[in-house]
Amino acid sequence: MTIAAGLDWTNLLADKVALITGAASGQGRAAALLFGAQGAKVVVADFNDEGAAETVKMLEEQDSEGIVVHADVSKRGDVDVMVDTAMERYGRLDVLYNNAAVQMSGRLVDCTEEEWDLTIATNLSAIFWACRKALPHLIEGDGGSIINTASTLGLIGSEGFAAYGAAKAGLAVLTKQIAIEYGPQVRANVIAPGSIDTPRFRKVLDKTPGAEKFVEQLKKGIPVRRLGEANDVACIALFLASDMSAYVSGAVIPADGGLAVYR
Amino acid sequence: MTMLEDRVAIVVGGASGLGDAIARRFAKEGATVVVADIDEPGAKVVADAIVADGGNGIAVPCDVTKSADVNAMVEEAASIGPRIGVLVCSAAVESLVPIVDLSDEDWQRVLDIDLKGPFLCMKAAIPHMVKGGGGSVINMGSTLGLIVAPGHPAYCAAKGGLVNLTKQAAIEHAPDKVRINMIAPSATTTGLFMKHSAQAPDPEKLRAQIGAMNPMKRLGDPEEVCDAAVFLASDMSTYLSGSVLPLDGGMAARRIV
Ligand SMILES: NC(=O)c1ccc[n+]([C@@H]2O[C@H](COP(=O)([O-])OP(=O)(O)OC[C@H]3O[C@@H](n4cnc5c(N)ncnc54)[C@H](O)[C@@H]3O)[C@@H](O)[C@H]2O)c1
Ligand SMILES: NC(=O)c1ccc[n+]([C@@H]2O[C@H](COP(=O)([O-])OP(=O)(O)OC[C@H]3O[C@@H](n4cnc5c(N)ncnc54)[C@H](O)[C@@H]3O)[C@@H](O)[C@H]2O)c1
């Protein structure tokens, strides 16, 4: 790991290999494009093959390099293959960005066992599996970085997110655990997004009656008075992925326009 | 490409340690740097080095506990030309005296410099940032403002208070596009930590011990703090406000923060 004085801002991830889950859409895709533009080779992992292929096409259009890896991260076998494929293709791994997640709403008594199991598998166990599989490779490299995406809803309680909130909070502590256990070689940090205007967010909105009014109300509760963009989150991920954050580990960085400050 | 062009960056406490390093780095990133410090000769050394290196920097004497000083310093910064885009509050002192032995004067001195200082600086600079269309304030906290160690009651209280002052200011000025965040370093190889550890019977041994306590098994490097400061000062972090960025090798991850 280099301690960076006078970094090359145009090439912060030169020669690095970054694996991003859920990179077929939203924040994952924005990070893939930004990491690619900063010199990284990007492993675009998702179970949405069409979206993943589109992300790689966009990478190629900006003269960056990337590959699609099909993975349903809620399945341990897929996660192992995902990391193996990255290693086979590029021979190294520097950044593991666990961004894929499902979001199922439901108050505790309405949350079915299937919903619970799938949420915990996708949003928590998947991160454990991916880190376990990737850590030996990250350790071998020149200082690896793990980025795990939680949510404001993993920091605070909120009505209707029993499984999601528990998985995201668990992920935050798992990340701190990794930061401490593998400190000398690997850094591990959490990004906690607030309300980010991604396809997922739009999907929820489409089902919300009076969506426009809901968004206006939502913005009033965000200190900077706007929704986040996928690229706002990607910039924070770039900071955490690169040597800019060489002494940052075990941190939970809100990407929320100040939302969590109210809590 | 540089990250901080077309803006004035005020670095309060810029004559020494982390403030010195941040001032020099911001100049490298294209900012016009105002090195503000009670130590005028020290501030001048840093500003001169910036200019010798091809950058823009001036030294302005300022005692952060005196509002007249702070206001005059900020007015001078505002007169330079480009908008005031960045304020770093890095001036601080420590007092290594346990509660029952701590004098009223010592308590007051630490709170005035470490907590009231950032208050006065923000109060003076934020209106200029609002006028200029936005800005970024970085308050230097400490691991000791998040988790405590025995023997630093005044410093821990001031830094803990600064956490909430940072959040408060962030909420109040988020609609004005002024972002306010904190960097919370653990022991780094400069400034206060080096001065304080130099008083130990075996400074190198103490430093090695403290480094070994860290999950990364080493002390922080001032350049690493500069990297984070550039991130928070620049447009890389436009959706980040009210946050506390621990720059501590994972130190605070052991505790509830
Ligand atoms: N958008 C928000 O407001 C918001 C808020 C807080 C947290 N987050 C978190 O941010 C991350 C990214 O969300 P987004 O808004 O970009 O969502 P998105 O729906 O736009 O993208 C998520 C991607 O993950 C993929 N994915 C889902 N389940 C998967 C699985 N089992 N295996 C492989 N891929 C899978 C999807 O196919 C999709 O491409 C998630 O972890 C989410 O929980 C988002
Ligand atoms: N060095 C570390 O390891 C470390 C660790 C954690 C936090 N910090 C924090 O980082 C910041 C910078 O610390 P440092 O180590 O560079 O300290 P330092 O002592 O090297 O520099 C502090 C500067 O503040 C100035 N100052 C003191 N009183 C002043 C006043 N009344 N008005 C104006 N200027 C005044 C001093 O002259 C000095 O130049 C501080 O907020 C400190 O609490 C430092």
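Residues numbered from 1 in each chain as written. Chains lettered and ligands numbered in written order. Predicted model: local features only at pLDDT ≥ 70, side-chain atom pairs only at ≥ 80, totals over all residues. Heavy atoms only, no water.

## Topic: the domain arrangement of chain B
Residues and elements named next belong to chain B.
Here is step 1 of the chain: Splitting chain B by domain gives domain 1 (8-185 + 221-244) and domain 2 (188-219).
Here is step 2 of the chain: Placing a centre on the C-alpha atoms of domain 1 and another on those of domain 2 gives a separation of 23 Å.
Here is step 3 of the chain: A buried area of about 770 Å², summed over both sides, lies between domain 1 and domain 2, and 60% of it is on carbon and sulfur atoms.
Here is step 4 of the chain: Among the residues of domain 1 in contact with domain 2, E94, D221 and P222 are the three that bury the most area, contributing 38% of the side total.
Here is step 5 of the chain: The salt bridge involving R218 is made with E224; its shortest N-O contact spans 2.8 Å.
Here is step 6 of the chain: For the pair domain 1 and domain 2, the interface holds one residue pair in polar contact (both at pLDDT 80 or more).
Here is step 7 of the chain: At the level of elements, α1 (17-28) and α8 (222-233) are the ones that each hand at least two residues to the side of domain 1 that touches domain 2.
Here is step 8 of the chain: The biggest single contributor to the side of domain 1 that touches domain 2 is α8, with three residues. (Domains from an automatic or database assignment. Buried area = accessible area lost by both parts, 1.4 Å probe. Salt bridge = Lys/Arg side-chain N within 4 Å of Asp/Glu carboxyl O. Polar contact = N/O pair within 3.5 Å; in protein donor to acceptor, adjacent residues only side chain to side chain. Helix = DSSP H or I, 4+ residues; strand = E, 2+ residues; numbered from the N terminus.)

## Side note on empty space enclosed by the protein
Here is step 1 of the chain: For the structure on display, the rule yields four cavities of 30 Å³ or more.
Here is step 2 of the chain: Residue contributions to the lining of the largest cavity peak at four residues, all from helix α4 (residues 113-140) of chain A. (1 Å grid on protein atoms, 1.4 Å probe; cavity = no way out; pocket = protein on both sides within 12 Å on 5 of 7 lines; lining within 4 Å. Points joined across faces, edges and corners; volume = space filled by probe spheres on them.)

## Quick look at helix α6 (residues 191-198) of chain B
Here is step 1 of the chain: Here α6 of chain B has its buried residues at G191, F193 and S197 of chain B.
Here is step 2 of the chain: Each element contacted by the buried residues of α6 of chain B is listed here: α1 and α7 (203-213) of chain B. (Buried < 20%, exposed > 50% of the residue type's maximum accessible area, 1.4 Å probe, protein only. Contact = heavy atoms within 4.5 Å.)

## Re the sheet that holds strand β5 (residues 144-149) of chain A
Paired through backbone hydrogen bonds, the strands of a sheet run either parallel or antiparallel to each other.
Residue and element names in this part refer to chain A.
Here is step 1 of the chain: Read across the sheet, seven strands follow the order β3-β2-β1-β4-β5-β6-β7 without closing on themselves; strand pairing throughout is parallel. The strands lining the two open edges of the sheet, one partner per strand, are β3 (65-70) and β7 (252-255). This sheet shows a mean twist of 20° between the axes of neighbouring strands, independent of strand direction.
Here is step 2 of the chain: Note: strand β4 (residues 95-98) against β5, four bridges, orientation parallel. (Pairing = 2+ DSSP bridges. Axes fitted to C-alpha atoms, helices over the stretch in contact; angles between N-to-C directions.)

## Points about the pattern of salt bridges
Side chains that differ in charge, positive against negative, can pair when their charged atoms come close.
Here is step 1 of the chain: Tallied over the entire structure, the rule returns 17 salt bridges over all chains.
Here is step 2 of the chain: Between D80 of chain A and R76 of chain A there is a salt bridge, with its nearest N and O atoms 3.0 Å apart. One end of the pair, D80 of chain A, and the other, R76 of chain A, are both in helix α3 (residues 76-90), four residues apart, so they sit about a helical turn from each other.
Here is step 3 of the chain: What makes D80 of chain A buried here is its relative accessible area of 18%.
Here is step 4 of the chain: R76 of chain A gets classed as partly exposed once you look at its relative accessible area, which sits at 41%.
Here is step 5 of the chain: Sharing partners across several salt bridges, the network here consists of R25, E223 and D227 of chain B.

## Structural notes on the environment of I126 of chain B
Residues and elements named next belong to chain B.
Here is step 1 of the chain: In this fold, I126 is placed in helix α4 (residues 104-131).
Here is step 2 of the chain: A relative accessible area of 5% means that I126 is categorised as buried.
Here is step 3 of the chain: In sequence terms I126 and V137 are 11 residues apart; their C-alpha atoms lie 8.4 Å from each other.

## Considering the side chain of H128 of chain B
Here is step 1 of the chain: Tracing the backbone through its elements, the reader meets H128 of chain B in helix α4.
Here is step 2 of the chain: Leave out the neighbours within four places in its chain, and H128 of chain B touches V74, E75, A78 and I84 of chain B.

## Regarding unusual backbone geometry
Here is step 1 of the chain: Its identity as a non-glycine residue notwithstanding, D15 of chain A has a phi of 65°, on the positive side.
Here is step 2 of the chain: Positive phi outside glycine occurs at K177 of chain B, with the angle close to 65°.
Here is step 3 of the chain: Within the secondary structure, K177 of chain B is located in the loop between α5 (153-173) and β6 (178-185).

## Some remarks on the site of ligand 2
All names here are of chain B.
Here is step 1 of the chain: Taken together, 29 residues sit near ligand 2, with S16, L18, D37, Y155 and K195 positioned nearest.
Here is step 2 of the chain: Between an oxygen atom of ligand 2 and a side-chain N or O atom of D37, the distance comes to 2.6 Å.
Here is step 3 of the chain: T188 has a polar backbone atom sitting 2.8 Å from an oxygen atom of ligand 2.
Here is step 4 of the chain: When the free accessible area of ligand 2 is taken as 830 Å², the share hidden by the protein chains comes to 94%.
Here is step 5 of the chain: When residues of the shell around ligand 2 are traced back to their parent elements, those giving at least two are α1, α5 and α6.
Here is step 6 of the chain: With four residues, α6 is the largest single contributor of residues to the shell around ligand 2.
Here is step 7 of the chain: Here the shell around ligand 2 is built from residues that sort into 14 nonpolar, 10 polar and five charged.
Here is step 8 of the chain: Built from parts of two domains, the shell around ligand 2 gets at least three residues from each of domain 1 (8-185 + 221-244) and domain 2 (188-219). (Near = heavy atom within 4 Å. Areas by Shrake-Rupley, 256 points an atom, 1.4 Å probe, with all protein chains shown as cover. Nonpolar A, V, L, I, M, F, W, Y, C, P; charged D, E, K, R; others polar.)

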